[in-house]
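Coordinates in review
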Amino acid sequence: MPEGIAECVAELQNGPIHYYRAGETGRPIVLLHGGGTDTAWLSWKKAIPALAPDYRVYAPDWPGHGGSKQYRGKATQEMLEGCLLQLLDAWGLQKATLVGLSMGASVAAGFTIGHPERVARLVLTDSGGLTERVQWHLLSYLLLKTPLFPQLTSMLMLNRPSIRYSLEKQFFKSRVPDLDEIVGEVYQELKAKKSIYSDWQLDEIGPRRLKTFHLPELGRIRCPTLVVNGSLDHLVPVEAAKLAAEKIPKAKFEVIAGCGHWPNREKPDEFNRILQAFLKETDADLPPA
């Protein structure tokens, strides 16, 4: 672990949550990773050191991911929002900036709608919960509900060539210099987790639509908000992200050109530049830290 970044554990009602902590001064920022085989370090290893000089950074592993696999219960949207509330209380944070990716962004959006008094700023990156359906929705639903299908596909993915192929086809749309490193980290997480799916992914898909659809409620978000999306993300189309930004009164919309669903790892320098510019622009609008 790089100097200045600590690994910690918060004991919550349903078990321990592992998280990374960095930075001693400034406003608190909570980084929320995505689903599947993602972890806090895998998603945010480039962002944590970039933010730590100016902010207090917290990056938890969601239940069932990374170092939080002993957490009990199914990590659904509702449960994850409750987990985030407990974490803010455990950290003594009355208000924080939430930065979420994919599943983490869906949780951040839902939490902000339900607990606006606890969120200073919101950053939604290629966010879940912005579309009612996924590609090939009915087929995806039937396959995921077929007994043993998730286990079988996870077993077939448990090798580096398959992981590399999936990342290059599903998540990345340009050359990623540290792809070998990412493949290795995903492999280790999949080996430990034994599933390419998170509870959230398996729970969200219904026969006709996804359970979580934030769009009708986004107008209730009043804090400064940044919506970021890869221009070539086919999991969360850029049109859906743009519409979401239009629904939020104080939202700024940024597109990362030639990028897929994981911009904080595909183009981390550009992502960090956009994120840090938004934070600097809005720092003055917030009460003193």
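Conventions we followed
Residues numbered from 1 in each chain as written. Predicted model: local features only at pLDDT ≥ 70, side-chain atom pairs only at ≥ 80, totals over all residues. Heavy atoms only, no water. Helix = DSSP H or I, 4+ residues; strand = E, 2+ residues; numbered from the N terminus. Rg over C-alpha atoms; globule rule 2.2 N^0.38 Å. Buried < 20%, exposed > 50% of the residue type's maximum accessible area, 1.4 Å probe, protein only. Contact = heavy atoms within 4.5 Å. Areas by Shrake-Rupley, 256 points an atom, 1.4 Å probe, with all protein chains shown as cover. UniProt positions renumbered as here; feature names shortened; annotations may be inferred. Pairing = 2+ DSSP bridges. Axes fitted to C-alpha atoms, helices over the stretch in contact; angles between N-to-C directions.

Under the annotation held in an unreviewed UniProt entry, the protein carries the name Hydrolase (Alpha/beta fold family) and is attributed to Methanocella arvoryzae.

Bringing the overall build of the protein into the picture now. When its secondary structure is counted, the protein shows twelve helices and eight strands. Taking 289 residues into account, the globule formula puts the C-alpha radius of gyration at 19 Å, and the protein, at 18 Å, falls close to it. Referenced to the eigenvectors of the C-alpha coordinate spread, the extents of the protein come out at roughly 50 × 40 × 40 Å. By the burial criterion, 55% of the 289 residues in the protein qualify as buried. For the protein, restricting intrachain contacts to residue pairs at least 6 apart in sequence, the fraction spanning at least 24 positions comes to 74%. For the protein, the exposed area adds up to about 12900 Å²; of that, 55% sits on carbon and sulfur atoms.

Time to look at the UniProt feature "domain: AB hydrolase-1" (unreviewed entry) in the protein. When the UniProt feature table is mapped onto this chain, "domain: AB hydrolase-1" (unreviewed entry) is found at residues 28–267. As annotated, residues 28–267 comprises 42% helix and 15% strand, and the C-alpha atoms at either end are separated by 24 Å.

For the rest of this paragraph, the subject is the sheet that holds strand β5 (residues 96–101). Here we have eight strands laid out as an open sheet, ordered β1-β2-β4-β3-β5-β6-β7-β8, and mixed in their pairing. Where the open sheet ends on each side, the last strands, each with one partner, are β1 (5–12) and β8 (251–256). This sheet shows a mean twist of 20° between the axes of neighbouring strands, independent of strand direction. Where strand β2 (residues 15–22) and strand β4 (residues 56–60) come together, four bridges link them in antiparallel fashion. Residue pairing in the sheet places R21 in a bridge with Y58 of β4. The strands touched by helix α10 (residues 238–247) are β7 (225–230) and β8; relative to β8, the strand with the most contacts, the crossing angle is about 165°. Where helix α12 (residues 268–283) meets the sheet, it contacts β3 (28–32), β5, β6 (119–125), β7 and β8, and its direction lies at approximately 155° from that of β6.

Take the environment of T146 next. Its location among the elements puts T146 in the loop between α5 (137–144) and α6 (149–157). Judged by relative accessible area, which is 37%, T146 ranks as partly exposed. For T146 and Q13, which are 133 residues apart along the polypeptide, the C-alpha to C-alpha distance reads 32 Å.

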